Structures are given as structure tokens and as C-alpha cells.
Protein chains: 2
Amino acid sequence: MSSRLPVELSKSYRLLNHGPTVLVSSAHGGATNVMAAAWSMPLDFSPPKVALVIDRSTRTRELVEASGEFALNIPSRQMAQATLAAGSVSGREHDKFAEYRLATFAAEKIGAPLLDGCLGWLECRVIPEPHIQQRYDLFLGEVVAAWADPRAFRDGHWVFEEGAPRSIHYIAGGNFFETGAAFDVDQ
Amino acid sequence: MSSRLPVELSKSYRLLNHGPTVLVSSAHGGATNVMAAAWSMPLDFSPPKVALVIDRSTRTRELVEASGEFALNIPSRQMAQATLAAGSVSGREHDKFAEYRLATFAAEKIGAPLLDGCLGWLECRVIPEPHIQQRYDLFLGEVVAAWADPRAFRDGHWVFEEGAPRSIHYIAGGNFFETGAAFDVDQ
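Residues numbered from 1 in each chain as written. Chains lettered and ligands numbered in written order. Predicted model: local features only at pLDDT ≥ 70, side-chain atom pairs only at ≥ 80, totals over all residues. Heavy atoms only, no water.

A.B. asks: Help me understand the relation of the copies chain A and chain B in this model?
C.D. replies: Between the two chain copies there is a screw-like relation: a rotation about an axis and a shift along it. Superposition of chain A onto chain B requires a rotation of 180° combined with a translation of 0.0 Å along the rotation axis, giving an RMSD of 0.0 Å. Such a combination of turn and shift is consistent with a two-fold rotation axis. The share of interface residues of chain A whose copies in chain B are also at the interface is 100%, consistent with both copies meeting through the same surface. (Least-squares fit on C-alpha atoms with pLDDT ≥ 70 in both. Contact = heavy atoms within 4.5 Å.)

As C-alpha cells, then:
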């Protein structure tokens, strides 16, 4: 099981601010699914909100619409293969948790499972905006709980030390960037 | 002046897919401005669309609402200081182009200036969605032209060679990550 500590809600945007690719987990009526998403971003600080594109053809879309909930899980580089796979096949035909050996643990505030081995987790409730959901596949969510692996993110900050686990950034065609060197700019 | 080549519109999402921090440039009625934004993402492939948060207190917001246009400029690490500054002071009191010595060149399809020294550029027209603009400061745009510095992105792909200029990812408090090592995962 992943080591994890709660992240203060007002700092939870920092888990997403640098634009990592995420795994979106969802659950409804006994069914669960996970998909990859490069298209997510913070939307507000307090209460924290996120925006996320969920294609209308996906099984995740059905589960998120039915439950009104989703979780954003921030995978490490070690999970890149599973991330690509989770973004390439449909939960309609595949039990991705079993096929990619993705262990999960229970979220605190929502029904969607959280993925073991990730660096951070955002539990979200959909803010209903039917027009943009239908027209653009665009979902807004309020972050109701957040967690991080303290080896990667603690006290509201990403851990910058050499060797700390890093998040990943998908481009296309199986190409990723790793999150690179940290640097500071004086304000 | 930056070296630049057109980017095929269907590939333009790849400039943003890995979640870089961007500089948003805008113009209206002879006034111009630039601000930093960590909260942007692709929204669709074809026609390409983007989503972007533009706070209601900003000068950029006024110019974007008045003109119906904005550009997303993807800064290099060399521009990190200017990026932080452009996100920290208001265009109401500062001519950021002059103060941070940001040279510009003309866009092709929109009036907003494009910033010299960036790695890529997306010229966007606002897709009017007044409800989410007012409620969430969330703007949608259609990408009508795109460009990239071929040292960083060419033929629809980021250049992965060692020493190629890299984009940046803002976190908070002057902390950035550089875009790190590229890696491939077999599909």
C-alpha cells in the first residue's frame, strides 16, 4: 500500500499545477474503471476545483455521470506503461485493474477507488454543468479530499531532492516527458 | 526574432499536452498585455480547442473579452524570470513588454502579439460561453493558427535531443519544474 498523508485542501492545486498526466478512477453500482487523462487542470484555489475532459465514448464517462464523483491519481514514472494502457483500451471490454495489476485502496469522501503506487490523489465531486459536459466533454469538480505520498510531496510542496519519485507528462504515440529538474526564480 | 515554422492544426494540441506553463498575450484598441497562466489545457483535437482560466481581476481578462482573442505562448527556461514576473504584476500598472524586455512579432490570424523567444505559439479565438466565463473564469478557445521553434518542436513532435530547449511547469512561490527527460512506452 502507498504511503500517504493528507494534503491541505488549499494546497491541493499544487499536485496538478505543473500539468502531470493523471489516471481518472471512477465507480458506480459495483463497477469501477480507470482511464488516463492528459487534459486536466486546476480551476480554483478555494474551494479547490479542477477541470477535466472525459470523452463521451468512455466507460469512465458513464460511471462519472452516474456517481457524480471521480478521483485524479497522479502516476509515477514506474506506472507509465499502465498509464498508457489505461488510456488505450476501454473499460467496457477490459478490467484494467486486473489486467495491469493496479491495486487500489478506498477513498475517504467518494466511492471511486484510489490507485496504489501513485504520488498524489484528488477526490472530486462533479459540479454539474450539463451544457459544457455535453458540448465539450468538459467536467468540473470540487476537490473534497487530497493525499500525497510524502516521498514525493509533503508539507504542501513537491520534494525536490534527487531521486524523489517524479510525475509524468504525456505527449502522443507513447511518448512521455518525465517531470524534470526543479528550479527557483526570485520574486 | 524567433525561428518558427507553422504547426499543423491537428497536431497543435501536442504543444500543450504535457502541461507547460504558458504566457497569455492579448490586445485590444491599441493596448496589449501579457500574463502567465499555469491553468490551461487542450480541450479537443479537431478543430483544436483549448481551455484557460483568466481571473476576473486581470487586465488580460478585459482585453480578451473585448477582442475575443488570445495567444498562448510557451516560454523556455530562459524566460522563467519573465514568466514569474508576468504572473505577479498587473498590466494595469505595468507595461510588462517594456519592463521585462519582451519582444513580440505579429500573429497571423489574431491581433494579439506573439512573444519572441518562446518555443511554441497558439493563436486562439474565444468560443463564447458566458456562463462559465462569469462563474468560473473559464475561457474556451479555438486554435486558428499554431507555430513552433523547430529547435524545440518540429514535424508535429517535440525534439527529444539533449540540449533542445525545454518548456517549464510552474508550481507555486517561484518554484518551477523544467520539462525533463523524454521516454517512450511501447503500445
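A.B. asks: Can you walk me through the interface of chain A and chain B in this structure?
C.D. replies: How big an interface is tends to be stated in terms of the accessible area lost upon association of its parts. Counting residues at the interface gives 54 residues for chain A and 54 residues for chain B. Between chain A and chain B the total buried area reaches about 4,700 Å² when both faces are included, carbon and sulfur atoms providing 64% of it. Contact with chain B buries surface across chain A, with W39(A), F177(A) and F183(A) losing the most and accounting together for 18% of the total. Linking chain A with chain B are zero salt bridges. Inspection of the region where chain A meets chain B yields 24 residue pairs in polar contact (both at pLDDT 80 or more). (Buried area = accessible area lost by both parts, 1.4 Å probe. Salt bridge = Lys/Arg side-chain N within 4 Å of Asp/Glu carboxyl O. Polar contact = N/O pair within 3.5 Å; in protein donor to acceptor, adjacent residues only side chain to side chain.)

A.B. asks: What's the story with the sheet that holds strand β13 (residues 168-172) of chain B in this structure? I'm lost.
C.D. replies: Two strands in a sheet stick together by hydrogen bonds in their backbones, pointing the same way (parallel) or opposite ways (antiparallel). Strand order in the open sheet made by the four strands is β13(A)-β14(A)-β14(B)-β13(B), with antiparallel pairing throughout. Both outer strands of the open sheet, β13 (168-172) of chain A together with β13 of chain B, are each paired with one neighbouring strand and no more. Ignoring which end each strand starts from, the neighbouring axes of this sheet average 35° apart. Taken together, the four bridges between β13(B) and strand β14 (residues 175-184) of chain B define a ladder with antiparallel strand orientation. Within β14(B), the residue paired with Y170(B) across the bridge is F176(B). (Pairing = 2+ DSSP bridges. Helix = DSSP H or I, 4+ residues; strand = E, 2+ residues; numbered from the N terminus. Axes fitted to C-alpha atoms, helices over the stretch in contact; angles between N-to-C directions.)

A.B. asks: What is the right way to look at the UniProt feature "domain: Flavin reductase like" (unreviewed entry) in chain A in this model?
C.D. replies: Under the UniProt annotation, the feature "domain: Flavin reductase like" (unreviewed entry) is placed at residues 14-155 of chain A. Here residues 14-155 of chain A is 19% helix and 42% strand, with 11 Å between the C-alpha atoms at its ends. (UniProt positions renumbered as here; feature names shortened; annotations may be inferred.)

A.B. asks: Help me out: how do you make sense of the packing of aromatic side chains in this one?
C.D. replies: One pair of aromatic rings is described through two measures. These are the centre distance and the angle between the planes. For the coordinates displayed, the defined rule picks out 15 aromatic pairs over all chains. Geometrically, the ring pair formed by F177(A) and W158(B) is edge-to-face, given 6.5 Å between the ring centres and 70° between the ring planes. Residue F177(A) is located in strand β14 (residues 175-184), and its partner W158(B) is located in strand β12 (residues 157-158); the two belong to separate chains. The two residues F177(A) and W158(B) agree in class, both being buried. For the pair F153(B) and W158(B), a centre-to-centre distance of 5.3 Å together with 80° between the ring planes defines the contact as edge-to-face. Taken together, Y13(A), F45(A) and W39(B) form an aromatic cluster joined through their ring pairs. Cation over ring: R77(A) sits above F183(B), and NZ or CZ is 3.8 Å from the ring centre. (Phe/Tyr/Trp six-rings, centres within 6.5 Å; stacked < 30°, edge-to-face > 60°. Buried < 20%, exposed > 50% of the residue type's maximum accessible area, 1.4 Å probe, protein only. Lys NZ or Arg CZ within 6 Å of the ring centre and 35° of its normal.)

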